[in-house]
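Next come the chains, spelled out residue by residue.
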Amino acid sequence: MTGLAAGSAFPKMEVAQLGGRTLTLGTPQGGHDWQLVVVYRGLHCPICKTYLEKLDGLVSDFNDLGVDVAVVSGDPEEKAQAMVDEKALGLAMGYDLSVAQMHTLGLYVSDPRSPKETDRPFPEPGLFVINAEGNIQIIDISNAPFARPDPESIRNGIKFIRANDYPVRGMHKAG
């Protein structure tokens, strides 16, 4: 794992997006100057379904703060589409994140426990808030589906950061 650091440049990368488009992680769309990138485990994860549904309900709040919202997984197109269809999501949905891209982002990667779960290695949750300079303002990497930041807390944090010109925190490693 590369271990991306707070305040460092986010490694822009392209992934396929539902609808036949390309989604560039690290490049805000829709006239926004910040981007929130959420990496989810995949269709097999019930916690991800609930999380994405909650995040979807907050997209307009993020957009009002100047933040574009993008989500991505290692799932193939049909599973990403099934996620959107099952939860009626309007999120910008990327798919086919490669294991190499997962490693570039510093994500933990898990192997499926059975074919019922999924048929390929998949990322554990990750969240990145990329500021107008293209740097990582907030980073959260988890090794398990149970630990991930609440989208409302992230929204409130971004609102505070932007209103108060709050700097990137945690730029020095312990030790």
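Here the structure is shown first, and the text comes after it.
Per-chain numbering applies: the sequence of each chain, read as written, is numbered from 1 onward. With pLDDT at 70 or above as the cut-off, local features in this predicted model cover only qualifying residues; side-chain atom pairs require 80 or more to be listed or tallied, and sums for whole chains, interfaces and linings still use all residues. Computation of side-chain values: all heavy atoms of the structure, hydrogens and water removed.

> Teacher, can you tell me more about the pairing of strand 1 (residues 13–17) here?
Only strands joined by at least two bridges in the DSSP assignment are considered to pair. Put simply, DSSP H or I for four residues or longer makes a helix, DSSP E for two residues or longer makes a strand, and each gets a number counted from the N terminus. When strand 1 meets strand 2 (residues 21–25), the two strands line up antiparallel, connected through 5 bridges. Note that in strand 2 the partner of Val15 across the bridge is Leu23. Here strand 1 folds back onto strand 2 in antiparallel fashion, the turn holding 3 residues, of which Gly19 has a positive phi close to 95°. For strand 1 and strand 5 (residues 92–95), the ladder comprises 2 bridges, and the chain directions are antiparallel. Bridged to Ala16 within strand 5 is Tyr95.

> Before we go on, may I ask you to explain the side chain of Gln17 in this structure?
Along the polypeptide, Gln17 turns up in strand 1. Throughout, a contact is declared for two residues whenever any of their heavy atoms are within 4.5 Å. In this structure, Gln17 is in contact with Thr22, Leu23, Ala92, Met93, Gly94 and Tyr95, ignoring residues within four places of it in sequence.

> How do you make sense of helix 3 (residues 77–87) when you look at a structure like this?
For the α-helix, the turn length of 3.6 residues means that residues three or four positions removed from each other point alike. When accessible area is computed with a 1.4 Å probe and restricted to protein chains, residues below 20% of their type maximum are described as buried, those above 50% as exposed, and intermediate ones as partly exposed. Inspection of helix 3 places Ala80, Met83 and Val84 among the buried residues, and these make up the whole buried set. The buried residues of helix 3 occupy an angular sector of 95° when the element is viewed end-on, so they sit on one face. Among the exposed residues of helix 3, those pointing more than 90 degrees away from its buried face are Glu78 and Asp85. Taken from the helix axis, the directions to the C-beta atoms give the arc we talk about.

> Even after reading the chapter, I still don't get the nonpolar core, so can you show me in this structure?
Generally speaking, a soluble globular protein has its nonpolar side chains buried in company with each other. Grouped together as the largest cluster of nonpolar side chains are 29 residues, with contacts concentrated most on Leu36, Leu52, Leu55, Phe62 and Met93. Sorting the residues of this core by element identifies strand 3 (34–39), helix 1 (46–56), helix 2 (59–64), strand 4 (67–72), helix 3, strand 5, strand 8 (126–130) and helix 5 (151–164) as the ones contributing at least two each. Top contributing element to this core by residue count: helix 1, with 4 residues. Not counting the four nearest positions on each side in its chain, Phe62 is found in contact with Leu36, Leu55, Val67, Val69, Pro151, Ile154, Arg155 and Ile158. Judged by nonpolar contacts, the second largest core, of 16 residues, contains Phe10, Val37, Ala70 and Phe128. The set of buried Ala, Val, Leu, Ile, Met, Phe, Trp, Tyr and Cys residues whose side-chain atoms join them within 4.5 Å is what this entry labels a nonpolar core.

> Looking at this structure, how should I read the packing of aromatic side chains?
By convention here, two paired aromatic rings are described through the distance between centres and the angle between planes. Note on aromatic pairs: the rings of Phe, Tyr and Trp (six-membered ring only in Trp) are paired at centre separations within 6.5 Å, and the planes decide the class, stacked below 30 degrees, edge-to-face beyond 60, tilted for the rest. What the rule picks out here adds up to 2 aromatic pairs. Seen from their ring centres, Phe160 and Tyr166 are 5.4 Å apart, and the 70° between their planes marks the pair as edge-to-face. According to the relative accessible area criterion, Phe160 is partly exposed, its value standing at 45%. The exposure class assigned to Tyr166 is partly exposed, which follows from its relative accessible area of 37%.

> Explanation requested: the environment of Glu14 in the structure shown.
Checked against the element boundaries, Glu14 lands in strand 1. Residues Glu14 and Leu25, 11 residues apart in the sequence, show an inter-C-alpha distance of 6.2 Å. Excluding anything up to four places from it in sequence, Glu14 contacts Thr22, Leu23, Thr24 and Gln101.

> Please explain the pairing of strand 9 (residues 136–141) as it appears in this structure.
Consecutive residues of a regular strand have side chains that alternate between opposite faces of the sheet. Bridge count between strand 8 and strand 9: 5 bridges; the pairing is antiparallel. Looking at the pairing, Leu127 lines up with Asp140 of strand 9. Here strand 8 folds back onto strand 9, and the loop between the two strands holds 5 residues, one of which, Gly134, carries a positive phi near 85°.

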